[in-house]
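Descriptive structure summary
Here's the letter readout for the chains.
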Protein chains: 2
Amino acid sequence: MKLSELFLPILKDIPSDAKIKSHQMMLRSGMVRQSAAGIYSWLPLGFKVLKKIELIVREEQDRAGAQEMLMPTIQSADLWKESGRYDGYGLEMLRIKDRQDRELLYGPTNEELITQIFRDNVKSYKSLPLILYHIQWKFRDEIRPRFGVMRGREFLMKDSYSFDETKEGAILSYNKMFYAYLKTFERLGLKAIPLVADTGPIGGDLSHEFVVLAETGESQIYTSKKILDLKIENFDNSEQSLNKMVKAYTETYSATDEKFDQKEFDDLVKKDDQLITRGIEVGHIFYFGDKYSKPMKAVVNSSLGKNITVEMGSYGIGVSRLVGAIIEVNYNNNIMKWPKTVTPFHVAIINLGKKNDETCKNKAQKIYELLKNNSFDVLLDDTEESPASKFKNFDLIGIPYQIIIGSKQEIEQYEFKEVGCEKEILSAQEILKKLKIIYFN
Amino acid sequence: MKLSELFLPILKDIPSDAKIKSHQMMLRSGMVRQSAAGIYSWLPLGFKVLKKIELIVREEQDRAGAQEMLMPTIQSADLWKESGRYDGYGLEMLRIKDRQDRELLYGPTNEELITQIFRDNVKSYKSLPLILYHIQWKFRDEIRPRFGVMRGREFLMKDSYSFDETKEGAILSYNKMFYAYLKTFERLGLKAIPLVADTGPIGGDLSHEFVVLAETGESQIYTSKKILDLKIENFDNSEQSLNKMVKAYTETYSATDEKFDQKEFDDLVKKDDQLITRGIEVGHIFYFGDKYSKPMKAVVNSSLGKNITVEMGSYGIGVSRLVGAIIEVNYNNNIMKWPKTVTPFHVAIINLGKKNDETCKNKAQKIYELLKNNSFDVLLDDTEESPASKFKNFDLIGIPYQIIIGSKQEIEQYEFKEVGCEKEILSAQEILKKLKIIYFN
C-alpha cells in the first residue's frame, strides 16, 4: 500500500483527553477515533492490528478443539431472568426495548445464551466434551469509560464455553483453555501470568485471570521472577502435560494488590526472586459447574443412563483491549515497535529522495514490487513530507522493519533497519531473504 | 473434522414456523438457531459459510481499492439529528438510552457516522478519491421478522462509502463498486442483475439494486435473456471498461414488478428474449452527492483552492442474507449443493462400513489424513448411523463432493461423487489430484 493512498489521519499533537500512552498513541497514529463516549471506530491501521490479534486468538482456540460460532449482540432479557442475573447485573447492562416493548439487552457476556443453545440442541453425553466460542462485540455501560479501548463500552471479546459430563472433564477443558491462553499471549509477544481470581458476576468455584506485565498497568502485581522462566513450549495439549503446566504456573505466589498478603509473599518467594510490577488484565477463565445449567435446565443423558446437569466453564479474552495492552508494552519514548505477529504491515519503505528524484522513486518502486510479489504487506511512504516528519510518522505507525532510500546510496544498495537496532546496507535480494526468514519461517 | 465431534444439531423434521426453503434448510442442517425474534445464532456450519462469503466480499472490495475499517454497532443519536434522518427513520430504528440518559441507537446503516469520521479527518482533495468500507452487524427493528436470515432484525452487512471531489469522480467510484458487486456475486456462483432502483431512506440521485435470480425470490423480475449472456470477466477496472460495463448491464430493460411497464417491456425486449422470473435483493448502491456532506459540513479544500462539499455514495451488500439467497438457488428437491467457493467443507468422507469393520475405518482414516495434509477441509462421517440416514444428512449439509467407503470396494479404490453427477471409482491419489484441480487451480 502507498502511504499517500492510505486513510491514516496522523495527529501532530497529543489529544488532551488521552491519559495513558496506548490511548494517546492510537489516536495520534490514526488507529481509532472515538465515535461516542467509550465507543470507537477502528480506522484501517487499527483494524489491521485488531484482525491480526483476532486471528491468533482464533487459531489457538481451534487448536484447543474449540469450535467457532457466532452469537448475536442483542439478547432477550428473558434468558437472564431464567438464570437469575437480570436484576443483579446493574447499570452496566445496556437494556433496550424494541418497538413491541419486548425487553432486550446488548450482551455483556453470553453464559445464558450459550446455555440455551446447548439445552435446546444437545441431549446426550456422546456430544461431550464440547467447547464452543465466538468473537463478538459486547457492551458494558461503564459509568466512566476511559483509557481508550482499554476501558471502552463497546469492545471485542472472544468468549468460549465448555460443556462436560463430569467435574473432572470440566477441569480438563479449563486446563486446555489455560494452555491456549498462555500460547495466545506468547504469540502476541506478551508476558502474561495467571493469577487466582475472584469470580465476580460470572460466579463459580475456580477462576484465573491472565495479566500482561506492563509498568503502566492498572493493577499492582506481586509475583516471583521464576514464573518468567517458565516456557509454554515445554508443555503440550495432553492431559498429563496440562496438569503439569497448570501446577507449574500456579504454584508460584502471584497476586494483585487486592489479594496481596505481605507475609505470604515473604514466606513463599525468596527476597531475591520477588517481583513487584504492574499488570493489565487481558483474559479471565471460570469453572462454575452448574451455576447456569441448573436454573436453565441444561440436562443431558449421561454415560450411566441418568439425566445430569452439564458441567460448564467460560473463558474470555479481551481482543480489542489486547491492542491497548500490546501498545502499553511496546510503545516507549514515543517509539512504537509492533511484535512481528501483529504488525499492521510487514515492512516500511521510506523514500527520503527529493520530490523530483526519479532514481530514488524508481528504487523505492522496484523493491516495493519485489516484496509485494513475494506476499509481503508493505507500506511505501511516497509522500512529499520532510525526512524528519516521515521518521516521526513511522515512530508512531510502529512497523518493526524499515527500508530507507536516499540519494547518497549506491544504486543497488538499500538501508535496512529493525527498529531499535543498527542499520545494515543490503541489496534488494538480501532484504527479501532476510524478511522471508523473519516472517515466513 | 470428524462429524462425531462437530456441533451440528440436525433436525429430522421441518420446523413449522419456517416458510421458505432456505430458512427450513438452515434450521434443519444446524446452520443457525433463532435466539430471539429475527435474531439468530450461527452454529459452526453456518458460521463457516458466512465467513467464506464475507471473505469473497472483502477481497473484491480490496481489489476495487476500498479500505477496510470497522465502525461500532452503537451510534449517537446526535449524528442522525445533524443529517435530519433521526425523526424520519421511524420504528425500524432501535433507539436506546444509556445509564446517563444519552440517546443512542443501533446502527441500521452508517452514512452519518462515516461522514463525521471523514469531516473530522480529511481536509484536502489530495486524500481523494477515498472508498472506506466495513463489515458489521446492523439492526433494523422489522415489525414482522420472517424468512430466517433473509429478513432478520440483526444482520451482517458490508457497507462502503465513497468520497470524491467532483460528480464525475463520484460516478467513477460508483462504477467501481458496480463492477466489484458483479464480480462478488459471480464468485458466489450467483446470477445477479442490476436494476434501476428507488433511493428510499438513503436518498440521492442514482441507485441500482442487485438482484439474484431465483424462482423463490421475493419480487417478480422482468428482464431480457440477453443480460444473462454478459460476462463480467470481459470487463476490467479501468475507467473506459467500467463505462462500457455499466452501459452493457443497464441498457437492457430490467425491472421489478413495482416499476414494471408492459408496453415498455414489449417495446424494448423482443418476445423471444423476454424473461419473467423472480429475484432476491442482495446489494444496493447509491450516489447521493452532498445529501449528507452538506448538512454535516464535510468540506475539503479542492484542487482549485476552494472549499467544496464532498461528493458521496454508499454501497451495501447483505452478507448474512446472501447465505439465504445462495441456498434458495442451490437447494432443490431436498438436496443442497454449495458452490465450491463457499462450501463449509471441501469434501465429505462417508464411511458406510459396519460398526466393527476396521478395514473401512482404516480406509476412511487414511484418505482423511491424506486430504487434511494437503490443506483440504474435510468432514469425515465417523458416526454409527445407517447409510440411509447418513446420505440424508449430507443432502442437508450440502458439501459438493463426496468420497464413499463401503465394505464391497477393492481396498485401494474409493467411490468419488460430485453431488448430482455420476460416481467414479478412483484411488486416493486420483481423488487428491481431482480435488486439487477443483479447489486450488
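Residues numbered from 1 in each chain as written. Chains lettered and ligands numbered in written order. Predicted model: local features only at pLDDT ≥ 70, side-chain atom pairs only at ≥ 80, totals over all residues. Heavy atoms only, no water.

A few points about the pattern of salt bridges
All names here are of chain A. Heads up, the rule is: Each reported salt bridge corresponds to a side-chain nitrogen of Lys or Arg within 4 Å of a carboxyl oxygen of Asp or Glu. Only DSSP runs of H or I covering at least 4 residues are called helices, and only runs of E covering at least 2 are called strands; the numbering of each starts at the N terminus. Here's how the labels work: a residue is buried when its accessible area is under 20% of the maximum for its type, exposed when over 50%, partly exposed in between, all with a 1.4 Å probe on protein chains only.
Applying the stated criterion across every chain, the model contains 60 salt bridges over all chains. With a shortest N-O distance of 3.6 Å, Glu412 and Lys366 are connected by a salt bridge. A residue pair is termed long-range when its members are at least 10 positions apart, and Glu412 in the loop between β21 (401-405) and β22 (414-418) and Lys366 in helix α9 (residues 358-373) qualify at 46 residues. Overall, Glu412 belongs to the partly exposed group, its relative accessible area being 46%. One salt-bridge network, held together by shared partners, links Lys51, Glu54, Arg58 and Glu68.

Here we look at the domain arrangement of chain A
How big an interface is tends to be stated in terms of the accessible area lost upon association of its parts. Residue and element names in this part refer to chain A. Rules: What fixes the domain bounds is an automatic or database domain assignment. Contacts are residue-level and defined by heavy atoms, with any inter-residue pair within 4.5 Å sufficient. Summed over both partners, the accessible area (1.4 Å probe) lost when two parts come together is defined as the buried area. Side-chain atoms alone can form a polar contact between residues adjacent in sequence; in general such a contact is a pair of N or O atoms within 3.5 Å, and within protein one must be able to donate a hydrogen while the other accepts it. Polar here means any residue other than Ala, Val, Leu, Ile, Met, Phe, Trp, Tyr, Cys and Pro, which are nonpolar, and Asp, Glu, Lys and Arg, which are charged; Gly is therefore polar.
In terms of domain boundaries, chain A breaks down into domain 1 (21-336) and domain 2 (347-440). One C-alpha centre belongs to domain 1, the other to domain 2; they are set 39 Å apart. With nine residues of domain 1 at the interface, the matching set in domain 2 holds six residues. When the buried surface of domain 1 facing domain 2 is broken down by residue, Arg28, Ile335 and Met336 rank first, second and third, together holding 50% of it. For the interface between domain 1 and domain 2, the tally reads one salt bridge. Residue Lys48 is joined to Asp377 by a salt bridge in which the shortest nitrogen-to-oxygen separation is 2.6 Å. Remark: the boundary between domain 1 and domain 2 carries two residue pairs in polar contact (both at pLDDT 80 or more). Residue assignment for the side of domain 1 that touches domain 2 shows that the elements contributing at least two residues are α1 (21-28), α2 (44-63) and β18 (335-336). When the residues that make up the side of domain 1 that touches domain 2 are grouped by side-chain class, the tally is five nonpolar, two polar and two charged.

Re the pairing of strand β6 (residues 103-106) of chain B
Residues and elements named next belong to chain B. As a reminder, the rule being used: Only when DSSP finds a minimum of two bridges between them are two strands counted as paired.
Pairing of strand β4 (residues 74-76) with β6 involves three bridges; the strand directions are antiparallel. Its bridge partner lying in β6, Ile74 is registered against Tyr106. As paired elements, strand β5 (residues 94-97) and β6 share four bridges and run antiparallel to each other. Residue Leu94 lies in a different strand from β6, and its bridge partner there is Tyr106.

Some thoughts on the environment of Tyr179 of chain B
Residue and element names in this part refer to chain B. Tracing the backbone shows Tyr179 in helix α5 (residues 167-187). Here the alpha-carbon distance between Tyr179 and Asn110, two residues 69 residues apart in the chain, equals 22 Å. Each residue touching Tyr179, except ones within four places of it in the same chain, is listed here: Ile232, Phe235, Asp236, Asn237, Leu242 and Met245.

Describing the relation of the copies chain B and chain A
The following threshold applies: Least squares is the method for superposing the copies, and the C-alpha atoms it fits come from residues with pLDDT of at least 70 in both.
Overlaying chain B on chain A yields an RMSD of 0.0 Å, the required transformation being a rotation through 180° with an accompanying axial translation of 0.0 Å. Taken together, the rotation and translation relating the two chain copies correspond to the operation of a two-fold axis. Closest approach to the rotation axis within chain B is made by the C-alpha atom of Ile96 of chain B, at a distance of 2.9 Å. In this assembly the copies share their binding face: 100% of the residues contributing to the interface of chain B also contribute to that of chain A.

Some remarks on the interface of chain B and chain A
Between chain B and chain A, the contact holds 54 residues from the first and 54 residues from the second. Interface of chain B and chain A: buried area, both sides summed, is about 4400 Å²; carbon and sulfur atoms make up 59% of it. The three residues of chain B that bury the most area against chain A are Phe7, Leu70 and Arg99 of chain B, which together make up 17% of that side's buried surface. For the pair chain B and chain A, the number of links is two salt bridges. Close ionic contact of Arg153 of chain A with Asp98 of chain B constitutes a salt bridge, the shortest N to O distance being 2.8 Å. Where chain B meets chain A, there are 20 residue pairs in polar contact (both at pLDDT 80 or more).

A few points about the pairing of strand β16 (residues 311-318) of chain A
All names here are of chain A. Counting buried positions over the eight residues of β16 gives eight, a clear majority of the element. Side-chain alternation along β16 places Glu311, Gly313, Tyr315 and Ile317 on one buried face and Met312, Ser314, Gly316 and Gly318 on a second face that is also buried. One ladder, built from six bridges, connects strand β13 (residues 274-289) with β16; its direction is antiparallel. Looking at β16, one finds that Phe286 is bridged to Ser314.

Here's the deal with the side chain of Thr115 of chain A
Residue and element names in this part refer to chain A. Residue placement: Thr115 occurs in helix α4 (residues 111-121). Look at Thr115 and you get buried, because its relative accessible area is 0%. Within the local environment of Thr115, its side chain forms a polar contact with the backbone oxygen of Glu111, the two atoms lying 2.6 Å apart.

Some thoughts on helix α8 (residues 319-330) of chain A
Residue and element names in this part refer to chain A. To be explicit about the condition: Helix span, as expected, comes to 1.5 Å for every residue beyond the first.
Relative to the 16 Å expected for 12 residues at 1.5 Å per residue, α8 spans 17 Å between its end C-alpha atoms, a close match to the ideal helical length. Among the 12 residues in α8, 10 count as buried, and that is most of the element. Of all the residues in α8, the buried ones are Val319, Ser320, Arg321, Leu322, Val323, Gly324, Ala325, Ile326, Ile327 and Glu328.

Description of the sheet that holds strand β23 (residues 423-426) of chain A
Residues and elements named next belong to chain A. Defined as follows: To define axes, lines are fitted to C-alpha atoms, for helices over the stretch in contact only, and angles between the resulting N-to-C directions are given on a 0 to 180 degree scale.
Ordered by their spatial adjacency, five strands build an open sheet running β20-β19-β21-β22-β23, and the pairing between neighbours is mixed. Because the sheet does not close on itself, it has two edges, and the strands there are β20 (378-381) and β23. Neighbour to neighbour, the strand axes of the sheet diverge by 25° on average, direction disregarded. With four bridges connecting them, β22 and β23 associate as antiparallel partners. Each residue of the ladder has a partner; that of Glu415, found in β23, is Ile425. Along the sheet, α9 makes contact with β19 (347-351), β20, β21 and β22, crossing β19 at roughly 170°. On top of the sheet, helix α11 (residues 428-440) reaches β19, β21, β22 and β23; it is set at about 20° to β22, its chief contact.

A few points about the environment of His284 of chain B
Residue and element names in this part refer to chain B. Relative to the elements of secondary structure, His284 occurs in strand β13 (residues 274-289). Accessibility expressed as a relative area gives 15% for His284, which makes it buried. The sequence separation of His284 and Glu218 amounts to 66 residues, and the corresponding C-alpha distance is 16 Å. With near-sequence residues (within four places) excluded, His284 lies in contact with Tyr181, Ala197, Asp198, Ser207, His208, Glu209, Ser314, Tyr315 and Gly316. At a separation of 3.0 Å, a polar atom in the side chain of His284 contacts the side chain of Glu281.

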